[in-house]
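Reading the structure
Given next are the chains, with one letter for each unit.
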Amino acid sequence: MTNPSNAEPLLYSVDESPPLWMILVLGFQHVVVMYGEVILFPRIVGKIGNAPEEHIAFATFAAIVVSGLCTLLQVVRWGKIGAGYVIFMGSSTAYLACSSQAVQLGGFALLGLMTILSAPVEILLSYFLRHLRHIITPAVGGTVILLIVISFMPLAITEWMGEPGEAHHGSLQNLLVGLITLAVLLGINILGTKTLKIWSPFLAFGAGTVAAWAFGILRFDHLHEASWFGLPHGSWPGISVDFGWQHVPIFCVFVVVTLLNSVQTIGNCMLAQSVSVRDFKKVDYDRVQGGLYADALSNVLAGVAGTIPNETYSENIPVLKMTGVASRSVGIFAVVVIIVLACMPKISAVILDMPEPVFAGFLVGILAMMFHSGLHLILQTGANSQIGLLVGVSVCVGMIAESREFFPTLNHAALSPLLDNGIAFGGLVALILSTTFYLMPKPRLIFQLGTSMDQLPVLVDKLNNATETLKLTSRELSTLQLVCEEIFVHVVSHFEERDASGRVHFMITKDEEGVFAEIQTGSRVGDVDGPKRPSQTRWADEDDLRALGLYILRNIARDIKHVHISGYSYVSFRI
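These lines cover the structure that appears in this document, whether it is placed above or below. Everything numeric here is computed off the predicted structure, so don't read it as measured data. (Residues numbered from 1 in each chain as written. Predicted model: local features only at pLDDT ≥ 70, side-chain atom pairs only at ≥ 80, totals over all residues. Heavy atoms only, no water.)

It is worth spelling out the sheet that holds strand β4 (residues 503-511) at this point. Taken together, five strands build an open sheet; the order of strands is β3-β4-β5-β7-β6 and the sheet is antiparallel. The sheet is open, and its two edges are formed by β3 (444-450) and β6 (558-565), each paired on a single side. Across the sheet, the mean angle separating the axes of adjacent strands is 15° when strand polarity is ignored. Bridging between strand β5 (residues 514-521) and strand β7 (residues 568-574) involves six bridges; their strand directions are antiparallel. (Pairing = 2+ DSSP bridges. Helix = DSSP H or I, 4+ residues; strand = E, 2+ residues; numbered from the N terminus. Axes fitted to C-alpha atoms, helices over the stretch in contact; angles between N-to-C directions.)

Considering the arrangement of structural elements, one finds Thr-521 in strand β5. Judged by its relative accessible area of 3%, Thr-521 is buried. A distance of 3.3 Å separates a polar side-chain atom of Thr-521 from the backbone oxygen of Arg-503. (Buried < 20%, exposed > 50% of the residue type's maximum accessible area, 1.4 Å probe, protein only. Polar contact = N/O pair within 3.5 Å; in protein donor to acceptor, adjacent residues only side chain to side chain.)

Moving on, we come to a nonpolar patch on the surface. Together, Leu-172, Leu-175, Leu-176, Leu-179, Ile-180 and Phe-215 make up a nonpolar patch on the protein surface, roughly 480 Å² of accessible area in all. The residue Phe-215 is located in the loop between α7 (200-214) and α8 (221-225) in this model. The exposure class assigned to Phe-215 is partly exposed, which follows from its relative accessible area of 33%. (Patch = residues over 30% accessible without salt bridge, like charges linked within 9 Å, V, L, I, M, F, W, Y side chains within 5 Å. Areas by Shrake-Rupley, 256 points an atom, 1.4 Å probe, with all protein chains shown as cover. Salt bridge = Lys/Arg side-chain N within 4 Å of Asp/Glu carboxyl O.)

As a further point, take the pattern of salt bridges. This structure, assessed with the given rule, holds three salt bridges. Arg-328 is the partner of Asp-15 in a salt bridge, and the nearest nitrogen-oxygen pair spans 2.9 Å. Taken together, the residues span a long stretch of sequence, with Asp-15 in the segment before α1 (20-48) and Arg-328 in helix α12 (residues 328-342) at a distance of 313 residues. Between Arg-278 and Glu-16 there is a salt bridge, and its shortest N-O distance comes to 2.9 Å. Placement of Arg-278 in the loop between α9 (248-276) and α10 (285-305) and of Glu-16 in the segment before α1 is noted, with a sequence separation of 262 residues between them.

Relative orientation of the contacting elements helix α5 (residues 172-191) and helix α14 (residues 356-379) amounts to 40°, with a least axis distance of 7 Å. Between α5 and α14, the angle is such that the two are oblique. Like other packed secondary-structure pairs, α5 and α14 cross with a definite hand, here right-handed. Contacts from Asn-174, Val-177, Gly-178, Thr-181, Leu-182, Leu-185, Leu-186 and Asn-189 in α5 reach Pro-357, Val-358, Gly-361, Phe-362, Val-364, Gly-365, Ile-366 and Met-369 in α14. (Parallel < 35°, antiparallel > 145°, perpendicular 65-115°, else oblique. Left-handed = near helix turned anticlockwise from the far one by under 90°. Contact = heavy atoms within 4.5 Å.)

On to unusual backbone geometry. One non-glycine residue, Arg-77, lies in positive phi territory at about 60°. Relative to the helices and strands, Arg-77 resides in the loop between α2 (53-76) and β1 (89-91). Among the residues examined, Arg-77 registers a relative accessible area of 22% and is labelled partly exposed. A positive phi angle, close to 55°, is found at Lys-471, a residue other than glycine.

As paired strands, β6 and β7 are joined by six bridges and run antiparallel to one another. Following the sheet pairing, Ile-565 is matched in β7 by Tyr-568. The antiparallel pairing of β6 with β7 creates a hairpin that spans two residues between the two strands, and Ser-566 there sits at a positive phi of about 50°.

Shown next, in the form of structure tokens:
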């Protein structure tokens, strides 16, 4: 598997530390990209739900603080909680509709209760992730990334046009400002040097802002009104304990949106790994689990604090790839900036006063890069007819949902947060299709063996006896035996070196692409897909010969993958 960032060389990986000036510049750039969403969405939900102004003010302040704390948790990884990569968290777009309905029904207090009660769904999903590995695949994660692009494009177009009713709405000036921002961003990333690419977000924002000033559309309304220091003049709404049958429909929607938001988090964690690690080869599912745990905890904190649920932000991940800097130090400094901004309204106002076409032009460039990254995740599992159908149907459903014009009179109000959300509805369809494809009847062989070399003849007998069941050709049988024996010996050697015992589970199926096999053991063993060819085979020792055997497997089997989830090892391949 190749690194998707080969075209954009990684200057600093997640565990490396860049110069101080670079940490400061890039940390602030990341905050500029995501900060507007964090503080605007609580205000939107509060206004739609007719919440008291003091509750809206407190929810906005709480959203900033929770965003900073939970981003820090994702970045530094505390025990098993957090992905350990630069992944930003903040107010969620996926929950906007259902959050607005909750506030209308019972204010921010009811929203807090719904947010807390739905968080365990994500915790359970993370805990049982290893059982869902054939359903929540990189193809599903990549599809969700594409759905995010589709979902954000209408917002980008609306922002580019400008605020309805303003003098410059839909004007040539707005069009040119957005185009200048987009052209600078993409131009630097296509033609610029490594050093220049680090500055590309700032340069794009700067060029767009100068253009907005030249065309007379740059204003500082928030800046003039804001004070330098201060806390919000608001009050905590509390948490409602009045949960009745009338709240069940909206709670069900929260559960579904939480499930689909979890799939988005999985896709973002996979994507962040691919652009943050040198010589990236495969997804570390333990880090994905950590990302889900942190996401669930962030929703609990958001509910207790009286603000809207959180999500992992996709738009910051392309910035890591664009600049080639994925250092954890950048994320930590960005968290400091976020927390400081919560107490410095004047600095926050500078970001809020960014002209809408500038933000829109930048967002379009980010979405274009996300589209490429989503395609890469999809292609990790190969481009067969089932994956093509899953992606095509899910994306089409997401586009229909985003249009909000598909038989609107038949859309029940309680289901509108799901049916009018392209990410939620398209992601749900992707999960349903992935589950359907996995459960479709197919020839299957399942058995298990002890971790002893004495079991090798039993393995051969099991495979020979399954020739008729799996409808194997003689060539497929001999190749399957060779690969299974090599991997089995590798696993058994791991247990013998530790003077331990265990079980090795085999699952072999036959489908339209050929033979698929998965070998599972309840212990972490050395990577089957990792060994390189020994440099000196003439003087190779036992370890070198063992590595050579695993290396040769790459020319015998295809799509060899070795993943670790919750202390279990899973090796899969196709022939």
